[in-house]
Structures are given as C-alpha cells and as structure tokens.
Amino acid sequence: MAIGNNSGKTRSYNRRVVLETVRLQGTVSRTEIARRTALTTQAVSNITAALLAEGLLRDAGRRRSGRGQPPIEYEVNPDGGFTIGVEIGPRFQQSVLVNLAGRVLASRTSAVDDPTPAGIGPCLRREIDALLESAGVARAAILGAGVVMPGPFGIEGLSSVGPTAVPGWLAIDAAAFLGEALGMPVLVENDATAAAVGERLHGVARELRDFCLVHFGTGIGLGLVLGGQPYTGAFGNAGELGHVTVEPRGRPCPCGGQGCLECYASLHSLAEQLGGAADVDALIRDGDPRFNAWIDIAAEKLLIMVGILENLFDPEAIVFGGRLPDAVLDRLIARIGPLPNTVSHRSGRSVPRLLRGTTGGLTPALGAAALPVFETLTPDFGAVIRARDTGGSSHARR
Ligand SMILES: [Zn+2]
C-alpha cells in the first residue's frame, strides 16, 4: 500500500500514489482510494478530477452492491497516454509504441549502419515519426520514451566492450542527447533494469517493492528494484552480475577475468555447450545429456549468486527472467533445489524466494517502453522524503 502525504507540498507524489492505487486495485472508488492512501477525501477528489481531465483515469461505472447508490469506480485509462520503447544495438534498432496497459500498437525494426550518436539521432527521429504515423497517435499523447542500450555506461575496460557494445556513447549523456534528438523526455537504461520495471508493472513482481531480477539477456544482468524504485547505481552500472566470479581460477571470460557467472549460466554458454542453437523443448523432452550437464553447472553457480543477492539485498524474492525460454528457467529454478541458509530463510513466507518472470519474451524495447509508464504511474517514495527533508518541492530523479 502506498501512503499519501497530506502536507500539500508533494502534489506529483500524491498523483502517483493515487494512480498506483488504482493500477493495483483495477477499479476503485474515491472513498477506497482515500482509505488506502491515507489522503483526505478532498485531496483524492482533487487529484482524481485532474487525472480524469488529463485522460489518465476513466470512469468505470458503479458496481452493484448492497443497499443505496454504490459509488463511482475509477480505473487507469489504457489509452490515456502512450510511450515509446527503443532498443539500440550495434547493427539494428527496434522501436515499439505501447499504451499504458503495455499493449503494443506498432513496432518497427531497421538496420543501423552507424550506431554512433551522430548516426542514430536523426534516423531514430524518422523511425519514431513513422511509428506514430502508422498507429495514428499524436506526438502530444506521448508521455516519453525509454531507450535500452548495452551498458556499461561511462566506463572503459569492462565486460560489454566487444561485439555487443555500441561505440561513441561512453562519453556523452545519452538521455539528454536522445531527448534533444527525439523532442521528448527520454530515459536510458540497460536491459536488466528495463525488464525489472516491466515485471513490476505487468508481471510477477506487481506487488513487490524489493526484488532482484536476474536477467538472462546477451549476458547476465541484474535488475534491482529497491523501495519500489529501480536502483541503477551512481553511474547507471549497478548489477553487472555476469562478471561476478563464481569459480576462482575458473573458465576464462572475454572480460579478462576468470570464472565469471556468464561463463557458466548465460544463453551464450548454453549455445556453446550445445554447439549452436537448438530446439530447447526437444532437449528437455529427450533428456539431452549436454543440456542436462549445462543445467547442472548453471544451477550450481546460480545457487551461489542467489545466496549472495539475498544476503546483500534482503529482497522479497529473486526473479529469473529474460531471453532464456520459460521451460529452461523453470528447469534451473527446480534444479537449484534447497536454497542456502541466508537472511531470506524464514517460515511463513508469502512469496517464494525464487520466481520465474511472467513477462516472458518481453523484448528489451518493450521493457524500455515500460520505463516512462512507470515514471508516470508509480510513486517515487524518495521524492516525498527529499521534499520533507528540504521543506520544499521535490523533483523526482527518474
Ligand atoms: Zn567476465
């Protein structure tokens, strides 16, 4: 439950508290919103009136109940706003247009000859204009764009340098550059963080405020949601999980290290083990020994990582998600078996310690599109604390 703040200095925070309450409840009356948020009925009336006028909420009618006139209920208007998600890769870009419910209205993919900022800027602008035109959505209805690109950001000499990196972005403020190029607010994240936000908005982590998402993408990343907000570190690089050592003096890794998690538990390591792409369903059905050997080793290394994450972050749950097929993620979770004795070991848990993500093949572009929806719909608890501490208006960082 999100608690509102009646001091009147935190209007945008309270807007988000109301939107989050409606989003989680599905449909809800003003009285019920006031009860759940501890805001005054007057404050809730003012906020819902403004949100209705903006089209972010809509009237869901009256629910039949007991005696007397039941109150009007409200719900999030799925077409009250739209966001754009973009994935920029070394040789391609993909963009999607989604509504507030996460439904894809249009998508485009095109080859990229020049993935540097100077090359991407103008061609991305053209792509997005074409995207909006194909869906018949006006620019003014766009709440913002989320962009996913390979990290790490602003550092040199680690991990993602190599064939998966895009050149020329290290030294610049990518969000500011793209915001200028596209003429709209832009949020830039790595794929793991975007996927975690997608799971919190639309997936298995809807009700969770503190969770870790182990993201099996090109490599292995960590999406962290702490206190209801994505945590990305001081420079946007928190969660470079794939290059944490799980085997001292183990297999050599392209990053220059040895025994990194990615060498044992990534999609890439699975493909190497199998000698190329394969039909995973058939491998599982037939009990393929190479596949089973990969599961055994990957589960052993992931078990170590689960223990580390639990002790470091005390999450409500750890979610496995990303591009590994659901059947493989399920096998991994089952094979990890009894979990280590960490701070997360307690009786009476309402959520299992390990969960499989439910946004399935959520592409990085779809995860990116969730970033501005999240920004619009969910409260930044830090903002109200900052406002209280400074005694003035706050501005959410993200
Ligand atoms: Zn490594």
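As shown above, the structure is provided for reference.
Described in the following lines is the structure provided in the data block. (Residues numbered from 1 in each chain as written. Predicted model: local features only at pLDDT ≥ 70, side-chain atom pairs only at ≥ 80, totals over all residues. Heavy atoms only, no water.)

### With respect to the sheet that holds strand β5 (residues 92-99)
What counts, and what does not: By this definition, two strands are paired if DSSP reports at least two bridges between them. Secondary structure elements are taken from DSSP: a helix is a run of H or I of four residues or more, a strand is a run of E of two residues or more, and numbering for both begins at the N terminus. Here the axes come from fitting lines to C-alpha atoms, over the contacting stretch only for helices, and the angles between their N-to-C directions go from 0 to 180 degrees. Two residues form a contact once any of their heavy atoms are found within 4.5 Å.
Read from one edge to the other, the open sheet built from five strands follows the order β6-β5-β4-β7-β8, with strand pairing classed as mixed. With one partner strand each, in any of the chains shown, β6 (104-111) and β8 (186-189) form the two edges of the open sheet. Averaged over all neighbouring strand pairs, the angle between strand axes comes to 15°, with direction disregarded. In terms of strand pairing, strand β7 (residues 142-148) meets β8 through four bridges, oriented parallel. By the bridge assignment, V147 is partnered in β8 with V188. Strands in contact with helix α4 (residues 117-135) are β4 (82-88), β5, β6 and β7; relative to β5, the strand with the most contacts, it is inclined by about 35°. Across the sheet, helix α12 (residues 364-377) lies against β4, β5, β6, β7 and β8, angled at about 140° from β4, the strand it touches most.

### Here we look at the coordination of the zinc ion
The following threshold applies: Metal donors: N, O and S atoms at distances within 2.8 Å, or within 3.2 Å for Na, K and Ca, with water omitted from the atom set so that some sites may seem incomplete. For four-coordinate sites, all angles between 85 and 135 degrees define a tetrahedron; for four- and six-coordinate sites, opposite donors beyond 155 degrees with the remaining angles between 65 and 115 define square planar and octahedral shapes respectively, and all other cases count as irregular. Exposed residues in this analysis have more than 50% of their type's maximum accessible area, buried residues have under 20%, and partly exposed residues fall in between, with area computed by a 1.4 Å probe over protein chains only.
Bound to the zinc ion on the protein side are H243 (ND1), C253 (SG), C255 (SG) and C260 (SG), at distances that span 2.0 to 2.3 Å. Angles of 104 to 121° at the metal separate the four donor atoms of the zinc ion, which places the site in the tetrahedral class. If you list the donors of the zinc ion from N- to C-terminus, the spacing comes out as H-x9-C-x1-C-x4-C. C260 sits in the buried class, given a relative accessible area of 2%.

### Regarding a nonpolar patch on the surface
For clarity, the cut-off: Grouping into patches uses exposed residues only, defined as over 30% relative accessible area, and leaves out salt-bridged ones; the cut-off is 9 Å for like charges and 5 Å for nonpolar side chains (Val, Leu, Ile, Met, Phe, Trp, Tyr). For the area figures, the Shrake-Rupley method with a 1.4 Å probe applies, and any residue is considered shielded solely by the protein chains shown. For this document, the term salt bridge refers to a Lys or Arg side-chain nitrogen within 4 Å of an Asp or Glu carboxyl oxygen.
Together, I304, I308 and L312 make up a nonpolar patch on the protein surface, roughly 260 Å² of accessible area in all. Mapped onto the secondary structure, I304 falls in helix α10 (residues 289-313). I304 gets classed as partly exposed once you look at its relative accessible area, which sits at 36%.

### Overview of the packing of aromatic side chains
Rule in force here: Ring geometry is summarised as follows: Phe, Tyr and Trp rings, the Trp one being its six-membered ring, pair when their centres sit within 6.5 Å, and such pairs are stacked at plane angles under 30 degrees, edge-to-face over 60 and tilted between the two.
All chains considered together, the criterion is met by one aromatic pair. Between F216 and F320, the ring centres sit 5.6 Å apart and the planes meet at 75°, which makes this aromatic pair edge-to-face. Here F216 is found in strand β9 (residues 211-216), whereas its partner F320 is found in strand β12 (residues 317-322), with 104 residues between them in sequence. Note on F216: relative accessible area 0%, which makes it buried.

### Focus on helix α2 (residues 30-37)
Put simply, the test is: When we speak of the arc, we mean the arc of directions from the helix axis to the C-beta atoms.
For α2, every residue scored as buried is listed here: I33, A34 and T37. Taken around the axis of α2, the buried residues stretch over an arc of 100°, which confines them to a single face. Exposed side of α2, more than 90 degrees from the buried face: T31 and R35 are the residues found there. Of the residues one or two after α2, A38 is the one with positive phi, at around 60°.

### Considerations on the pattern of salt bridges
A full pass over the atoms with the stated rule returns 20 salt bridges. The shortest N-O distance in the salt bridge between R16 and E375 comes to 3.8 Å. Here E375 lies in helix α12 and R16 lies in helix α1 (residues 11-25), a separation of 359 residues in the sequence. For E375, a relative accessible area of 27% translates into the label partly exposed. Put simply, R108 and E127 hold a salt bridge, and the shortest N to O gap is 3.3 Å. Placement of R108 in strand β6 and of E127 in helix α4 is noted, with a sequence separation of 19 residues between them.

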